[in-house]
Amino acid sequence: MNADDKGFIFTIDAFLALIPVFILLMAISSMNQGGLILPSQQVRLSNQAQDALDVMAQYHISESTLIEEMVRMLEVNGTGTSGVDSAGELASVYLKDNLPGMNYELVEMNQLNGKTITSNGTRDNALNMAVGTKNYGNFCFKLYVWD
């Protein structure tokens, strides 16, 4: 056996010794990635929340848009239970049709101090949530969506 053969054997020996190290590193790096929220999921939810509110501001029912009708009901019926219930009925029909299988909560932040207008689920245990906002007059609507 000459000197070149010994170098080749040592190189193969070192390479084979590194294989378990690479396997261990791969196992550690792939552990517990199931609970992570991917950026694409967050972007999708953010887009859905904001898009839903933007469409509500453009979606015409009778002579006015959905947001305008909700605000009108809150102004005419007051910001008490009857106004909130009327606005919630309008919003829930639209949101159920346009956010199928998703949890959501629509709140008004300015006039109702964060009171819920309509919801489909509770935000308490939501892990991946996004929010969209839309202002109309003195009203500020926030739509929370989550999986």
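Residues numbered from 1 in each chain as written. Predicted model: local features only at pLDDT ≥ 70, side-chain atom pairs only at ≥ 80, totals over all residues. Heavy atoms only, no water.

In terms of burial, strand β3 (residues 103-108) is a largely internal element, five of the six residues being buried. Here β3 runs beside strand β6 (residues 139-146); their pairing, made up of six bridges, is antiparallel. Bridge pairing in β6 places L106 opposite L143. Here five bridges tie β3 to strand β4 (residues 115-120), and the two strands are oriented antiparallel to one another. Across the sheet, residue E105 finds its bridge partner in β4, namely S119. Linking β3 back to β4 in an antiparallel pair, the connection comprises six residues, with N113 at a positive phi of about 55°. (Buried < 20%, exposed > 50% of the residue type's maximum accessible area, 1.4 Å probe, protein only. Helix = DSSP H or I, 4+ residues; strand = E, 2+ residues; numbered from the N terminus. Pairing = 2+ DSSP bridges.)

What follows covers the environment of S86. Following the sequence through the fold, S86 ends up in helix α4 (residues 81-98). S86 sits in the partly exposed class, given a relative accessible area of 21%. Separated by 14 residues in the primary sequence, S86 and R72 place their C-alpha atoms 9.9 Å from one another. In contact with S86, other than residues within four places in its own chain, are M73 and N77. (Contact = heavy atoms within 4.5 Å.)

It is worth spelling out the side chain of E105 at this point. Structurally, E105 is set in strand β3. At 2.6 Å, the side chain of E105 and the side chain of R123 are in polar contact. (Polar contact = N/O pair within 3.5 Å; in protein donor to acceptor, adjacent residues only side chain to side chain.)

Okay, the packing of aromatic side chains next. In the structure shown here, the tally under the stated rule is two aromatic pairs. Consider the rings of Y59 and Y94, whose centres lie 5.6 Å apart with planes at 45°: the pair is tilted. Of the two residues, Y59 sits in the loop between α2 (39-58) and β1 (60-61) while Y94 sits in helix α4, which places them 35 residues apart along the sequence. The class of Y94 is buried, set by a relative accessible area of 8%. Between F139 and F141, the ring centres sit 6.2 Å apart and the planes meet at 15°, which makes this aromatic pair stacked. Judged on exposure class, the residue F139 and its partner F141 are both buried. (Phe/Tyr/Trp six-rings, centres within 6.5 Å; stacked < 30°, edge-to-face > 60°.)

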